[in-house]
Structures are given as C-alpha cells and as structure tokens.
Amino acid sequence: MSKPALPYKARDVVLPGDAACPGCPIPIAWKVLSAVFGDKMILVIPASCSSVVVGMYPGNSLKASVIHVPFASAAAVASGVAEALEKRGVSDVQVIAWAGDGGTADIGMASLSGAAERNHNFIYIMYDNEAYMNTGIQRSSSTPRGAWTTTTPILGKGEEKKDVARIMIAHGVPYVATASIGYVHDFYSKLVRASKIKGFKFISLHAPCPVGWRFDPRYTVRVARLAVETGLWILYEYYDGRIHLSGPSRPLLDPSKRKPVEEYLKLQGRFKNVDEKMVKSIQEYVENNWEWVKRHM
Amino acid sequence: MRVVVEPSRYKIPLARPSIGVAGKTGSWRLERPIVDNNACTRCFLCEIHCPVNVIRVEPETGVSINYDYCKGCGLCADVCPVGAIKMVPEE
C-alpha cells in the first residue's frame, strides 16, 4: 500500500518555530502546497502576514525558495520568474504568487489584471483573511458587510465584499477556483488540477484569522467549515467556460440544506454588533451569490 | 544552458531554511495537548491541520507531539473526530 501524499509529503517543507500567531491558517495552506509540489516551488510573497511568518534574515521557516517583493508587484514578479524559467527550460518548478486580500483585491489589482491578461504560466493564490491583519486589522475591499475592523469601529463595514474570483473569471483565464482552509483535501485536489494546466491559474483561499476575526485560535477550521456550510463561501472551479461545484458545496444547491448564517456570525467577535436587519441582508447576499452560481453552471 | 553560481564563492545575503526562526515557540503555550493513543484512530487530521507542523502520526506508535515548538493553539483538539486530544493548562 502506498502512503497517502497529503500527510507524508507535507512533513518536511514547513519548519516548526515560525513567527505565526497560534491557530494561523497560513502554514496549514503551505503544508498543502508542499504536499503537491514538495520543495520544487518558488513563492513570490508581497508585504503581508506571510512575509512575517517566513521569518527574519538569516532564517527562513520554509524549505523552498521565497522572493519578498513590494506590495503591488507580486503578479508582475511572478510573471517574470515564470518566463525566465521557461526560457531556461526548467519545467519541474512551480511559480506561486502568494498574496493576501489587500495585496490582491486592493493594492495588487493592477499587476494581477495585467498578468492574467498576458496569461503567464503560474498559480496566483489569494489567501483571504478579509482585512489588513498584519498592520492591525484595517478594512480592505474584501472585508464582508457588517464586520468590525479598526477603521470601521462602530457600525462595521457598510459595503459588500469584492469578489475577486468573479473578476478573474471575467478575464477569461484557463482556471479559477475557490478553496477553504476547512477542506484541505479539496484544496489539494484543486492544486493538483491547476498544476496540470498551462497558463494563468487563480485560487481564492478562505483563511479565517483568529486575531482579526476575534475568535478562539482552536476554531480556525470550524469557522472555515461553517462559512462553507452556511453557503457564504461557495467552493467551485471554473474551467471549460462554466462553473463546476466542488464536493462540499454540491449538496448546498438546495437552500434547505444550508445552515442559517447566524451560526457563522455568532462564533466571531467581529460580528458582535450586527442587528437583525444586517443578518437578513447577509442572508440575501448568500441567496444572490447562489443564483449567480446556478446561472453559470 | 544553466548558469551555476557556487554559494561559497560569493557572499550573497540569502536566508537559509532553519528550524525555530522565532525562537522556541513552545514558551508561548498556555495549554498543553495531551493525546490518548488508545482512543486515536490514526486518521491524520491533527497532523494535516497542525499550523506549526509538530504533530507526527505513525500507524504503529500513534501520535507524538514536539513540545519544544507547539504553540498550544488547540486546533488539533478541535479537529479530532473522536476527542482523543485534551487541552490541559500548563503548570
């Protein structure tokens, strides 16, 4: 019997003793990355929590190549590295741009759009912790409605979350997917599929942050799973011109199978101040998202 | 053609992979995970989800945890489907 790849291959690349907060989702995602690519990956990391987690010179908590780049340029640098590898004939190394939601949805949007349009051969992963967690929980355009941040302290954010996966679908790239830290096997199979496709691949990864979302560190995986089970975060892949729902989200096409969004909201301190009206409008947002997914299946 | 640069000939300020870039993170811990290996079903969920990568599950010997670096987040206790991991306060 051969040993399963996910637990055994994920052992060596992420080294213990990194600078992440307890319960951080970022090293969990890196373990899944290393289960697919081993140390044959080049991570391009802009300013974010991840550049802190990797650690200070002369140490590095990842047994893989890491390039630290300015905030807006993750996709641009990854394009250059991918092209250089192709010119040199190196085909067994995967280039991965690894950016947070601030470095993707706000500051890195222009270079991301350019790289998608030129269709460079790399994987762009946006780990979505829904605010600027590294600098002290400021609101980003990916923060959901009603959420407390230090820049929306009283009423919470009033605007809707920016859906970057839909923006990338509109670019017409070969592969777009959403994944969640609560379903690592699903994330693994999406990475395996993405690694076999040539061209620009985009994965949006839902990553609950215990510090910024105000919940106990032990519930990181539980919160991520609740986001999927309530239908707030829909797991799908987009290729061949239509959306394919992933395993955990497939039964939720039927609205009666979805849990009410209150179960997800009440676990987190950042939604402490939402009232009945706001909960109702968040539920409506869920229904609208599912209508959009149904139209494009 | 591949250009090979020998690291020993040039002093390049490159960071090298090393264990414990933030020190012995075990000192951050408030609660210690204790494993009951008789109840454990070897499902590997705690090993896959451990953010510090200190849990090792072996089919024969069961779960072992490196307490030098375990940050005590309690994620392993929450994902365990049979409740074989308990969090007890540190002395």
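Keep in mind the model is a prediction, meaning the values are calculated, not measured.

What's the story with the overall build of chain A in this structure? I'm lost.
Scanning chain A from terminus to terminus reveals 12 helices and nine strands. On C-alpha atoms alone, chain A measures out to a radius of gyration of 18 Å, which is about the 19 Å that the 2.2 N^0.38 rule sets for 297 residues. Projected onto its principal axes, the C-alpha coordinates of chain A cover approximately 60 × 45 × 40 Å. The proportion of buried residues among the 297 residues of chain A is 60%. In chain A, of all internal contacts separated by at least 6 residues, the share reaching a separation of at least 24 is 71%. Here chain A has roughly 11,900 Å² of accessible surface; of this, 55% comes from carbon and sulfur atoms. Charge centroids of chain A, computed over 36 positive and 27 negative side chains, lie 4 Å from each other.

It is not clear to me how the nonpolar core should be interpreted in this structure. Could you clarify?
Most often, soluble globular proteins keep nonpolar side chains buried together rather than apart. Counting residues in hydrophobic clusters, the biggest one holds 129 residues, and the most contacted among them are W30, W98 and Y124 of chain A. Ignoring anything within four residues of it in the chain, the contact list for W98 of chain A reads I26, A29, W30, L33, L43, V44, I45, P46, S50, I125, Y127 and L205 of chain A.

Got a minute to help me understand the side chain of S61 of chain A in this structure?
Looking at the element boundaries, S61 of chain A is found in the loop between β2 (59–60) and β3 (65–68). Not counting chain neighbours up to four residues away, the residues in contact with S61 of chain A comprise V13, V14, L15, D18, V53 and V54 of chain A together with S18 and V21 of chain B.

Which parts of the structure should I look at to understand the sheet that holds strand β7 (residues 200–206) of chain A?
Two pairing modes exist for strands in a sheet, parallel and antiparallel, and in both the strands are linked by backbone hydrogen bonds. All names here are of chain A. Taken together, eight strands build an open sheet; the order of strands is β3-β1-β4-β5-β7-β6-β8-β9 and the sheet is mixed. Two strands bound the open sheet, and with one partner strand each, they are β3 and β9 (242–245). Strand-to-strand twist of the sheet, defined as the mean angle between neighbouring strand axes without regard to direction, takes the value 20°. Alignment of strand β8 (residues 236–239) against β9, held across four bridges, turns out to be antiparallel. Bridge pairing in β9 places Y236 opposite L245.

Explanation requested: the interface of chain A and chain B in the structure shown.
For an interface, size is often stated in terms of accessible area lost upon the parts coming together. Counting from both sides, the interface comprises 39 residues of chain A and, opposite them, 37 residues of chain B. Summed over the three residues of chain A that lose the most area to chain B, namely R11, P16 and R218 of chain A, the buried surface amounts to 22% of that side. Between D78 of chain B and R222 of chain A there is a salt bridge, with its nearest N and O atoms 2.7 Å apart. Seen at the junction of chain A and chain B, the total is 21 residue pairs in polar contact (both at pLDDT 80 or more). At the level of secondary structure, the elements contributing two or more residues to the side of chain A that touches chain B comprise α1 (5–9), α2 (26–37), β2, α8 (184–195) and α10 (220–229) of chain A. Sort the elements by how many residues they give to the side of chain A that touches chain B and α10 of chain A lands first, with four residues. Relative to strand β1 (residues 16–17) of chain B, β2 of chain A runs parallel, the two sharing two bridges. Residue pairing for β1 of chain B: N60 of chain A is matched across the bridge by P17 of chain B.

Just checking my understanding: could you explain the packing of aromatic side chains for this structure?
The relation between two aromatic rings is expressed through the spacing of the ring centres and the mutual angle of the planes. All names here are of chain A. If you walk through the whole model with that rule in mind, you get 10 aromatic pairs over all chains. Taking the centre distance of 6.3 Å and the plane angle of 70° together, the rings of W213 and F215 count as edge-to-face. Residue classification places W213 among the buried positions, given a relative accessible area of 0%. The interplanar angle of 50° and the centroid separation of 6.5 Å between the aromatic rings of Y264 and F271 together place this pair among those described as tilted. Here Y264 falls in the buried class, since its relative accessible area comes to 4%. Every member of this aromatic cluster is reached through a ring pair, and the members are W30, W98 and Y127.

Looking at this model, I keep getting lost on the packing of helix α4 (residues 74–88) of chain A against helix α6 (residues 109–118) of chain A. Mind explaining?
If you want to describe how two helices pack, look at the angle between their axes and the distance between the axes. Residues and elements named next belong to chain A. Interaxial distance between α4 and α6 falls to 7 Å at its minimum, and their mutual angle equals 35°. Contacts between α4 and α6 involve A74, A75, A76 and S79 on the former and, on the latter, S111, L112, A115 and R118. Across the contact of α4 with α6, the residue classes break down as five nonpolar, two polar and one charged.

Help me understand the pairing of strand β1 (residues 41–45) of chain A in this model?
Along a regular strand, successive side chains alternate from one face of the sheet to the other. Residues and elements named next belong to chain A. The buried count for β1 comes to five of five residues, which makes it a mostly enclosed element. Residues M41, L43 and I45 of β1 are buried on one face, and the alternating residues I42 and V44, pointing to the opposite face, are buried as well. Where β1 and strand β4 (residues 94–100) come together, four bridges link them in parallel fashion. Of the residues in β4, the one forming a bridge with I42 is V95.

Parameters at a glance
Numbers given for residues are sequential positions, taken from 1 along each chain in its written order. Note on labels: chains are lettered from A, ligands numbered from 1, in written order. In keeping with the model being predicted, local features are shown solely for residues with a pLDDT of at least 70 and side-chain atom pairs are shown and tallied solely at 80 or more, while totals for entire chains, interfaces and linings include all residues. Working from all heavy atoms in the structure, the side-chain values ignore hydrogens and water. Strands here mean DSSP runs of E at least two residues long; helices mean DSSP runs of H or I at least four residues long; both are numbered from the N terminus. For this measure, only C-alpha atoms enter the radius of gyration; the expected value for a globule follows 2.2 Å times N^0.38, where N is the number of residues. Categorising residues by exposure relies on relative accessible area from a 1.4 Å probe, with only protein chains included: less than 20% of the type maximum marks a residue as buried, more than 50% marks it as exposed, and the intermediate range marks it as partly exposed. Throughout, a residue-residue contact means that at least one pair of heavy atoms, one from each residue, lies within 4.5 Å. Throughout, the Shrake-Rupley method with a 1.4 Å probe supplies accessible areas, and for residues the shown protein chains are the sole cover considered. Neither His nor the chain ends is counted toward charge; the positive residues are Lys and Arg and the negative residues Asp and Glu. Charge positions come from single atoms, namely NZ of Lys, CZ of Arg, CG of Asp or CD of Glu. Put simply, buried Ala, Val, Leu, Ile, Met, Phe, Trp, Tyr and Cys residues joined by side-chain atoms within 4.5 Å make one nonpolar core. Any two strands between which DSSP finds at least two bridges are classified as paired. For helices, the fitted line uses only the C-alpha atoms of the stretch in contact; every axis is such a line through C-alpha atoms, and the angle between N-to-C directions lies from 0 to 180 degrees. Take the accessible area each of two parts loses on contact, using a 1.4 Å probe, and add the two losses: that sum is the buried area. A side-chain nitrogen of Lys or Arg and a carboxyl oxygen of Asp or Glu constitute a salt bridge if their distance falls within 4 Å. Definition of a polar contact: a pair of N or O atoms within 3.5 Å, with one able to donate and the other able to accept a hydrogen when the atoms are protein atoms, and with sequence-neighbouring residues admitted only if both atoms are side-chain atoms. For Phe, Tyr and Trp, rings pair up if their centres lie within 6.5 Å, where Trp contributes its six-membered ring, and each pair is then called stacked (planes under 30 degrees apart), edge-to-face (over 60) or tilted (otherwise). Lys, Arg, Asp and Glu make up the charged group, whereas Ala, Val, Leu, Ile, Met, Phe, Trp, Tyr, Cys and Pro make up the nonpolar group; the residues left over, Gly among them, are polar.

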